[in-house]
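# Examining the three-dimensional arrangement
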Amino acid sequence: MLVAAAYWRPDGPSGSVAEVLAHPQLAHYVAGWPRSGDLGVIASEGAQPVGAAWVRLFPESDPGYGFVSANIPELSMGVIRERRGRGIGSHLLDALLAAAHEQKLAAISLSVESDNYARRLYDRAGFRPVDVASGSLTMLLRLREPRSTEE
């Protein structure tokens, strides 16, 4: 699903798992899965996986594209090309956000290119832009208010 996430353009190039994993800035989204803080959901049709959504924490020394802070996990999501446009992404995001609430996560960040059709999905879910870099938006969804330092 990392390949589906990395090559999201419907008429754009595609790549193999090996090609994607050869890029450290992409591989770190799944390398060593699962590790502490990882959370994910998978959509399948029968025994065939068709999409996945997951969050992962990154240290400041090895940030993801949508990095906000070391204590806010970053969302990644991919749906295989043949199944896009059928609501699978919405279901994945809903399921992941429900799991994130159960885990009491305070927030989730992501990076999305401004012309990515998934941007509308993230807007509807409540993600808000917090930064722009190289044509991509970093977006943040607060799941609960941070505790004050006085509590």
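Up top you'll find the structure we're talking about.
Notes on the structure follow. (Residues numbered from 1 in each chain as written. Predicted model: local features only at pLDDT ≥ 70, side-chain atom pairs only at ≥ 80, totals over all residues. Heavy atoms only, no water.)

### Comments concerning helix H4 (residues 88–102)
For clarity, the cut-off: Going along the chain from the N terminus, every DSSP run of H or I of four or more residues is numbered as a helix, and every run of E of two or more is numbered as a strand. What a helix is expected to span follows from its residue count: subtract one and scale by 1.5 Å. Burial status follows relative accessibility: with a 1.4 Å probe on protein chains alone, a residue under 20% of its type maximum counts as buried, one over 50% as exposed, and anything between as partly exposed. Here the arc refers to the set of directions running from the helix axis out to each C-beta atom. Whether two residues are in contact is decided by their heavy atoms, any of which lying within 4.5 Å being enough.
A rise of 1.5 Å per residue sets the reference length of H4, with its 15 residues, at 21 Å; its end C-alpha atoms lie 21 Å apart and thus fit the reference within 8%. Listing the buried residues of H4 in full gives Ile88, Gly89, Leu92, Leu93, Leu96, Leu97, Ala99 and Ala100. An end-on view of H4 places all buried positions within 160 degrees of arc, on one side of the element. Among the exposed residues of H4, those oriented more than 90 degrees off its buried face are His91, Asp94 and Glu102. Contacts from the buried residues of H4 go to strand S1 (39–45), strand S2 (48–56), strand S3 (74–79), strand S4 (107–113), helix H5 (118–125) and strand S6 (136–142).

### Topic: the pairing of strand S5 (residues 128–133)
Going by this rule: Between any two strands, at least two bridges found by DSSP are needed for them to pair.
Bridging between S5 and S6 involves five bridges; their strand directions are antiparallel. Residue Pro129 lies in a different strand from S6, and its bridge partner there is Met139. What sits between S5 and S6 in their antiparallel hairpin is a turn of two residues, with Ser134 showing a positive phi close to 50 degrees.

### Some words on the nonpolar core
Going by this rule: Put simply, buried Ala, Val, Leu, Ile, Met, Phe, Trp, Tyr and Cys residues joined by side-chain atoms within 4.5 Å make one nonpolar core.
Grouped together as the largest cluster of nonpolar side chains are 27 residues, with contacts concentrated most on Leu75, Leu92, Ile108, Tyr122 and Phe127. At seven residues, H4 tops the list of elements feeding residues into this core. Apart from residues no more than four positions distant in its own chain, Ile108 is found in contact with Val55, Ile72, Pro73, Leu75, Leu97, Ala100, Phe127, Met139, Leu140, Leu141 and Leu143. Core analysis: the next-biggest nonpolar cluster, separate from the first, contains eight residues, Leu2, Val3, Tyr29 and Phe58 among them.

### Considering the packing of aromatic side chains
Any pair of aromatic rings gets described here by the distance separating the centres and the angle formed by the planes. Heads up, the rule is: Two rings belonging to Phe, Tyr or Trp (six-membered ring only in the last case) form a pair when the distance between their centres is within 6.5 Å. Interplanar angles under 30 degrees mark stacking, angles over 60 mark edge-to-face geometry, and anything in between is tilted.
Inspection of every chain in the model, using the stated rule, returns three aromatic pairs. Geometrically, the ring pair formed by Tyr29 and Tyr65 is stacked, given 6.4 Å between the ring centres and 15 degrees between the ring planes. One end of the pair, Tyr29, is in the loop between helix H3 (24–27) and S1; the other, Tyr65, is in the loop between S2 and S3, with 36 residues separating them in the sequence. Taking relative accessible area as the criterion, Tyr65 reaches 47% and is therefore assigned partly exposed. Among the aromatic residues, ring-to-ring pairing joins Tyr29, Phe58 and Tyr65 into one connected group.

### Digging into the pattern of salt bridges
Test applied: Here, a salt bridge means any side-chain nitrogen of Lys or Arg that lies within 4 Å of a carboxyl oxygen of Asp or Glu.
The tally for this structure, following the rule as stated, stands at three salt bridges. The closest approach of N and O atoms between Asp38 and Arg56, which form a salt bridge, is 2.7 Å. Within this pair, whereas Asp38 is found in the loop between H3 and S1, its partner Arg56 is found in strand S2, the two being separated by 18 residues in sequence. Arg56 sits in the buried class, given a relative accessible area of 0%. The residue Arg119 makes a salt bridge to Asp123 at a minimum N-O spacing of 3.2 Å. Highlighted residues: Arg119 and Asp123, both in helix H5, separated by four residues, approximately one helical turn. Since its relative accessible area comes to 21%, Arg119 is described here as partly exposed.

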